[in-house]
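# Observations on chain architecture
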Amino acid sequence: MPELRRILANGVELNVALAGSGPAVLLLHGFPHTWELWTDVMADLSGRYRLIAPDLRGFGASSRAASGYDAGTLAEDAAALLTTLGVSSAAVLGIDAGTAPAFLLALRRPGLVRRLVVMESVLGRLPGAEDFLADGPPWWFGFHSAAPGLAETVLEGHEAAYVDWFLRAGTLGDGVRPALRDAFVRAYTGRQALSCAFSYYRAMPESADQIEQAVATARLTVPTMALGARPVGAALERQLRPLTDDLIGHVVEDCGHIIPLHRPRALLALLHPFLAGEDAKTA
C-alpha cells in the first residue's frame, strides 16, 4: 500500500500517496476521483519508479482551499510539491481535471518535466477539438459551473448516485471495484466537497485563457503522449499536434473515460516503453 502524507505545497496542505523508488512520476487525477484512481498503475510501476499521487487542492483529503482551482495554480501546486519532495525532474501524468495543470507545468517548466502523458480531456479553446465539441461541452460542465451553489444544493444528499453515474459512464457500464467506488463517494460527499470540485469547472474560462497565453509564447518541447478513449478519442492529440515537438498519440480501444481503472493493462503497455524513453509507437 502507498504511504499517505500531508505535504504543504503552494500554501495548501495536500494529501499525497507515495510509493516505490527510482525516477519520479507525478500522477494528477480528475473528477470524480482521488489519488486512488491510480491504484493499479502505482502497484505496477512502483518497482521501477517513485510514484507521487496527490489529491488535487480541494479534492479528496487535501485542504478545502477557498480559491486556486484554475489550471495555472494547480500546476504551481504540483511544482511546489515536487520541490518539497526534493524532486528535480519527473514524468507527469494527468487525466481529466489533471490534464491542463500537467500541460501547463510541462510548458512553463520543461526542465522539471521529463516526460508528459495527458489523457481524456481537451485543453481549453485550442483548435482540434471541434468534432468532440460539435454538440457543445459535456452537459455537466454547464451544470457544475452554473450559479454558485446551485449544483451543490441539488446534489447534496444524492452524492452517491451522482458519482456512480460518472463511474459507470466512464467505464462503459462496467463500474469500478466496490472499495474504490466507496472511496470516491466519500471524497465527494458533503456541500464543501462538492463546492471545491465544482470550483475547478467554474475556473475553466480562466484556465482556458492561461492555456492560450502560454501557447502564444512557447512550444511543448518535452516528449509527450496523448491518450484518448471514449468519449474524447483523438481530440487532445489534435490539439497538441501543432504545438508539440515530440508527440505520440493513441486511442485505447474498447475503453471508457477512466482509462487507469477501466483498461489498466492497456495503459501500462503504453506507459512502460514511454516512461523508459523507448518508442511507444511499437508498443
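Provided above is the structure to which this section pertains.
What this report covers is the structure whose coordinates are included nearby. Within each chain, residues carry numbers counting from 1 in the order of the written sequence. A pLDDT threshold of at least 70 governs which residues receive local features in this predicted model, and a stricter bar of 80 or more applies before side-chain atom pairs are shown or counted, although totals over entire chains, interfaces and linings include all residues. As a rule here, side-chain values come from all non-hydrogen atoms in the structure, and water together with hydrogens is ignored.

This part is about the nonpolar core. Take the buried residues of types Ala, Val, Leu, Ile, Met, Phe, Trp, Tyr and Cys, join any two whose side-chain atoms come within 4.5 Å, and each joined set is a nonpolar core. Note on exposure labels: buried denotes an accessible area under 20% of the residue type's maximum, exposed denotes more than 50%, and partly exposed covers the range between, all computed with a 1.4 Å probe on protein chains only. Trp38, Ile52, Leu240 and Leu271 are the most contacted members of the largest nonpolar core, which has 103 residues in total. Tallying contributions element by element places helix H2 (residues 71-84) first for this core, with eight residues. Contacts were defined at the residue level, with two residues in contact if any of their heavy atoms lie within 4.5 Å. The contact partners of Leu271, leaving out residues within four places of it in the chain, are Val41, Leu45, Leu93, Val117, Met225 and Ala276. Helical segments are the DSSP runs of H or I of at least four residues, strand segments are the runs of E of at least two, and each set is numbered from the N terminus.

Let us now look at the sheet that holds strand S4 (residues 50-54). Pairing in this open sheet of eight strands is mixed, and the strands run S1-S2-S4-S3-S5-S6-S7-S8 from one edge to the other. The sheet is open, and its two borders are formed by strand S1 (3-9) and strand S8 (247-256), each paired with just one other strand. With strand direction ignored, the average angle separating the axes of adjacent strands in the sheet is 20°. At least two DSSP bridges between two strands are required for those strands to pair. Judged from the six bridges that link them, strand S5 (residues 90-95) and strand S6 (residues 113-119) form a sheet pairing that is parallel. Along S6, the bridge assignment pairs Val92 with Leu116. Convention adopted: a line fitted to C-alpha atoms gives each axis, helices being fitted over their contacting stretch, and angles between N-to-C directions are expressed from 0 to 180 degrees. Helix-sheet contacts for helix H3 (residues 99-108) involve strand S3 (24-28), S5 and S6, and the interaxial angle to S6 is about 155°.

Here helix H6 (residues 159-169) has its buried residues at Glu159, Tyr162, Val163, Asp164, Phe166 and Leu167. Contacts from the buried residues of H6 go to helix H4 (139-145), helix H5 (150-155), helix H7 (178-187) and helix H8 (191-202).

These results come straight from atomic positions and should not be treated as a statement about function.
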